[in-house]
Every structure is written in structure tokens, then in C-alpha cells.
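Analysis of the macromolecular model
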Amino acid sequence: MSQLMIGNIALMICALFVAARGYRVGGEHYTSGFVISLSSVFIAASAAGNLLLSGALDQDQQTLLRMLNNLAYYAAIPLIGSALLADAIGQNWQKPTWGRWLLALLALFEVTRRAESGTEYSQIMAVLVAASMLFAALRYSRLPARIGSLFAAIALGAGVLLFSPISLSPEYQNALAYPLALAIMLLASAQVLPKLKPSN
């Protein structure tokens, strides 16, 4: 079993776990949970795509895989950072607001892609999202949320800026460490979610 397969299996399992956890606590009264859940589904779909769509791919399969990866890394990850930030400062944005923010993220990615600045955009976005998570860690009063947001920022920064295909240091690129870092980021982000109330 290749490193890429092991990493994506771990990422998919963690993403589905966090998606279920966020879905159970998310709702109109706590949309950050819903956003974390939805973003985790995007990341799980990307991991599944990397598992299933491998080897010699035709043009349609390559396009599908690229779309899944773009949705995960240019929409889901910034959404998670935004959800942590909104939660930390006590803002409960409505779902239409989150929808407009998602469209803005996709539009921004498309503009930078057409300008052939996708790599630089990805690196800058990773720094901004990690910074938002660090700021959220400073604002949280609950210790688990503070630690979770801090570890999420560290895992995301290390994963994208060191281990990913757009690493600032190509010698550190690693097909196993990158998805594992994203998996740690997801699990750490889930620590900000409120505890589930036991059902009667």
C-alpha cells in the first residue's frame, strides 16, 4: 500500500468523523458546526477521489479529480478557518452569508487561476487561514477550543507550506505527511465544537 493511499484513507476517515460530529451540533443556532461539517465532506470527497481515481486517467477523470481537490483545498479549508474565527468572536453567520462567502472564495480562486498565480494564491491563503486559526485560539475562552485551534493552525501551516505539492521547500514534500497533516487539522478543529448532549 502506497504512502499516498495510506494518507488519503486516514484523511477520509478523519474527515467523515468530523463531518458527522459537526452535523450533529450544527444548525441555525450554530452554523459554524454546519460549515465545518460541510467542509469536511468536501475534503473526504477529495480524499476518496485520490484513492479511486489513480493511475492512467482520461480527460474527464482528470477534470473530476481536479474539481474535487480544488473544492477541498480552495473552499473547504478557508471555510473551516472562517468558521473557527466566527465562532471565536461569537458570530453566528446565517447560511446565506456562508453561501456568499463560499462563492467569493471560488471566484477568487478562478481569478488567480486565470492569472496563472494559483501557487502563490494557495500559499498566501494557507498563511491567512492559519493566522485566522491562531487568532481564534487567542479569543477562545474554553481550553479545548483554544488548544484545538492552535494545533489546527500548526498542522495546516506545516501541511500546506512544507509537505504539499506547493511546498515552499520542495525537499520536504511528502505524499503521506501532507494528508496526515490535514487529518490532524480537521481533528483539532473539531475540538472547538460544543459537546454533544446525551440523548434521553
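In what follows, the structure referred to is the one given above.
Description of the structure in this document. (Residues numbered from 1 in each chain as written. Predicted model: local features only at pLDDT ≥ 70, side-chain atom pairs only at ≥ 80, totals over all residues. Heavy atoms only, no water.)

**Remarks on the packing of aromatic side chains**
This is how it is decided: Pairs were defined over the aromatic rings of Phe, Tyr and Trp, the Trp ring being its six-membered one, requiring ring centres within 6.5 Å. Orientation was assigned from the angle between planes: stacked under 30 degrees, edge-to-face over 60, tilted for the rest. Each helix is a run of DSSP H or I of at least 4 residues and each strand a run of E of at least 2, with the numbering of both proceeding from the N terminus. The classification of residues rests on relative accessible area computed with a 1.4 Å probe and restricted to protein chains. Under 20% of the type maximum is buried, over 50% is exposed, and intermediate values are partly exposed. Here, over-ring charges are defined by two tests on the NZ atom of lysine or the CZ atom of arginine: distance to the ring centre within 6 Å, and angle to the ring normal within 35 degrees.
Counting across every chain of the model gives four aromatic pairs. Consider the rings of Y74 and F109, whose centres lie 4.3 Å apart with planes at 20°: the pair is stacked. Here F109 lies in helix 4 (residues 95-114) and Y74 lies in helix 3 (residues 59-88), a separation of 35 residues in the sequence. Residue F109 is classed as buried on the basis of its relative accessible area, which comes to 10%. Taken together through their ring pairs, the aromatic side chains of Y74, F109 and Y121 make up a single cluster. Here the basic side chain of K95 rests over the ring of F34, its NZ or CZ set 4.3 Å away from the ring centre.

**Considerations on a nonpolar patch on the surface**
Which entries qualify depends on this criterion: Each patch is built from residues that are more than 30% exposed by relative accessible area and take part in no salt bridge. Like charges join if they lie within 9 Å; nonpolar side chains (Val, Leu, Ile, Met, Phe, Trp, Tyr) join within 5 Å. Accessible areas in this description were obtained via Shrake-Rupley with a 1.4 Å probe; residue shielding takes into account the shown protein chains only. A carboxyl oxygen of Asp or Glu within 4 Å of a side-chain nitrogen of Lys or Arg is what we treat as a salt bridge.
Nonpolar side chains collect at one region of the surface, where L134, L143, I147, L150, F151 and I154 lie side by side and expose about 550 Å² of accessible area between them. In terms of residue count, helix 6 (residues 143-163) provides more of the nonpolar patch than any other element does, five residues in total. Mapped onto the fold, I147 is located in helix 6. A relative accessible area of 40% places I147 in the partly exposed class.

**Here's the deal with the packing of helix 3 against helix 7 (residues 177-189)**
Operational definition: Throughout, an axis means a line fitted to C-alpha atoms (over the contacting stretch in the case of helices), and angles, computed between N-to-C directions, take values from 0 to 180 degrees. Each angle gets one of four labels, with under 35 degrees taken as roughly parallel, over 145 as roughly antiparallel, 65 to 115 as roughly perpendicular, and the rest as oblique. For any helix crossing, the convention is left-handed if the near helix is rotated counterclockwise from the far helix by under a right angle, and right-handed if that rotation is clockwise. Should any heavy atoms of two residues lie within 4.5 Å, those residues are counted as being in contact. We call Asp, Glu, Lys and Arg charged. Ala, Val, Leu, Ile, Met, Phe, Trp, Tyr, Cys and Pro are nonpolar, and the rest, Gly among them, are polar.
Where helix 3 contacts helix 7, the two axes come as close as 11 Å, and the packing angle between them is 30°. The pairing of helix 3 with helix 7 is recorded here as roughly parallel in orientation. For the pair helix 3 and helix 7, the sense of crossing is left-handed. Together, Y73, I77, I80 and L84 of helix 3 and Y178, L182, M185, L186 and S189 of helix 7 make up the contact between the two elements. Class assignment for the residues of the contact of helix 3 with helix 7 results in eight nonpolar, one polar and no charged.

**Here we look at the nonpolar core**
Burial of nonpolar side chains together is a common tendency in soluble globular proteins. We apply this condition: Only buried Ala, Val, Leu, Ile, Met, Phe, Trp, Tyr and Cys residues count toward a nonpolar core, and they belong to the same one when joined by side-chain atoms within 4.5 Å.
By size, the foremost hydrophobic cluster in this structure holds 52 residues, and its most contacted members are I43, M133 and M185. Secondary-structure elements contributing two or more residues to this core are helix 1 (3-25), helix 2 (31-52), helix 3, helix 4, helix 5 (118-139), helix 6 and helix 7. Per-element tally for this core: the top contributor is helix 3, with twelve residues. The contacts of M133, once residues within four sequence positions are left out, are I80, G81, L84, S149, A152, A153, L156, M185 and S189.

**Quick look at helix 6**
Rule in force here: Given a helix with a known number of residues, its expected span is that number minus one, times 1.5 Å.
Helix length check: helix 6 (21 residues) gives 29 Å between terminal C-alpha atoms against 30 Å at 1.5 Å per residue, within 8%. All of the buried residues in helix 6 are A145, G148, S149, A152, A153, A155, L156, G157, G159, V160 and L161. Of the surrounding secondary structure, the elements contacted by the buried residues of helix 6 are helix 3, helix 5 and helix 7.

**Some words on the pattern of salt bridges**
Throughout the structure, instances matching the rule amount to two salt bridges. Put simply, E110 and R113 hold a salt bridge, and the shortest N to O gap is 2.6 Å. Pair noted here: E110 and R113 are both in helix 4, with a separation of three residues, about one helical turn. With a relative accessible area of 26%, E110 lands in the partly exposed category.

**Quick word on unusual backbone geometry**
Excluding glycine, residues mostly carry a negative phi; peptide bonds, for their part, are mostly trans. Phi at E116 is positive, roughly 55°, even though this residue is not glycine. As for its position among the elements, E116 is in the loop between helix 4 and helix 5. Accessibility expressed as a relative area gives 73% for E116, which makes it exposed.

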